[in-house]
Amino acid sequence: MKQRMIRASSTEETRARMRHISLPVFALLTACASSGSGTAVDASTLVDAADAAAVGDGSSDAAASSNENAFFYQDVTATSNAVRVGVTKDGKIVDSYNANVLSWKALGDQKVYGDPVFSRLSNGKWAMTARSGAQDPRGSFALMYHEAACPKVVDADVKVIKPLTGSACKATSNLVMGKVSQVFDVDGSNYIFSMISGEIYLLRLSDKTHTALDLSSICVKLTRATKFADLAWGEATLILDKAAANGLLLSDTAIARRKDGTWTLFVKGVPSDNGCVNGSLCELCARAIYRTTSSDLITWSTLVKLVDKASVPEAVNYPDGSLWLYWQTFTPACDAQDLMLAGRAPISGAFEQADGALSSTATVTFPGEAFEGDTKIHYATNGNPAALPTKEAKTAFDACFGK
């Protein structure tokens, strides 16, 4: 079953986890399966249009450019799950490379990948981050991390990073309980956002002398950092607590940065008093994507709802500086009051306009993929764009797939 965890407070870590799509949907579809549900990009550095060909010019009708960008997405079948990859010129149509960069068994395997996210690091390498399964002998609900020159995951090379125990660290058995954000760079160090026990944390994965590959554990700090500079390598600090959530159950995260330098965090939220059974159509339709902004990554604005009936947010800065938000939309299933349609939930996207409002919604399509035309199988999930900011970046990416 494809797990989508909404929350886990200190008393909820033993409760049933929220799922992306309920079991009845998968039982009724002819080729549905379990999986983790996800996304990644170096969102800290924007490339001017003069330095790289644009992908979209801030309008939904932007002319396609010669500079394509990577787009990862998850394929769900009856026996396995896979993250596939292609490229997009306009952020809407994905030309598949017909290649899996990660795959795992749908059922009965301890080494599953929950909500895998692929990010292009500022050094040109690719990182994969995911949530380990509850039965993983290396650690349950830990941060799975892989880094290499190409975005192809070798399971034997995956690091499983667990919470650190110590007097200055929060006593928690979980480090990742939803979809983490893409890895992003600030002054040469890498960071991600993750939901831990129903609250959103900022994690520092590297510094000038250490990489995430050097980590075996991360200290979830008891004391909240008051300055960004106070967060050391291998530490996590609280940034959105339950008070800031204002009655929402927070989960999946996505990060990007506006042209003016404002950090923009997108979070999936569900009202805690929705009265719905987890995984039901009622609960599915209560999900929404919220936005909060910050100038320093520590102090954040009040959450504002952007998209109703939505899940699995992901964000990207394309080379022209436009900020796109992607999500899984359950509007068709909700409008039809048909849980079956949740298995065919499309990936949607929109860009931030000058006033911060989202543009009209575009539907992402994958011409040539079997799920595109066969309504009896599960549609792609976890749209995961990743900017290729230069021609050299695109050339290196293509070489990974023999292009």
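Because the structure is predicted, anything quoted here is derived from the model rather than measured. As a convention, each chain's residues are numbered from 1 in the sequence order in which they are written. Local features in this predicted model are restricted to residues of pLDDT 70 or higher, and side-chain atom pairs are both shown and tallied only at a pLDDT of 80 or more, whereas totals for entire chains, interfaces and linings draw on every residue. To get the side-chain values, all heavy atoms of the structure are used, and hydrogens and water are removed first.

1. Details of the side chain of D136
Put simply, DSSP H or I for four residues or longer makes a helix, DSSP E for two residues or longer makes a strand, and each gets a number counted from the N terminus. Mapped onto the secondary structure, D136 falls in the loop between β5 (126–132) and β6 (143–148). Between two residues, a contact is recorded if the distance between any of their heavy atoms is within 4.5 Å. Discounting chain neighbours no more than four positions away, the residues touching D136 are Q110, K111 and M144.

2. Description of the state of the cysteines
In what follows, a disulfide is any cysteine sulfur pair within 2.5 Å. On inspection of all chains with the given rule, the structure shows four disulfides. One disulfide bridge connects C169 with C219, the sulfur atoms lying 2.1 Å from each other. With the S-S bond torsion at -115 degrees, the cross-link from C169 to C219 turns out left-handed. Here the residue C169 occupies a position in the loop between β7 (159–163) and β8 (184–186), and C219 occupies one in strand β11 (residues 217–220), the gap between them amounting to 50 residues. For every residue, the accessible area obtained with a 1.4 Å probe (protein chains only) is divided by the maximum for its type, and the residue is called buried under 20%, exposed over 50%, and partly exposed between those limits. What makes C219 buried here is its relative accessible area of 6%. Through a disulfide, C276 is tied to C282; the S-S separation comes to 1.9 Å.

3. Topic: the pattern of salt bridges
Opposite charge on two side chains allows them to pair when their charged atoms are near. Salt bridges are counted wherever a side-chain nitrogen of Lys or Arg sits within 4 Å of a carboxyl oxygen of Asp or Glu. The full count for this structure, using the stated rule, is 16 salt bridges. Here K242 makes a salt bridge to E199, at a shortest N to O gap of 4.0 Å. Highlighted residues: K242 in helix α2 (residues 242–245) and E199 in strand β10 (residues 199–204), separated in sequence by 43 residues. Accessibility expressed as a relative area gives 43% for K242, which makes it partly exposed.

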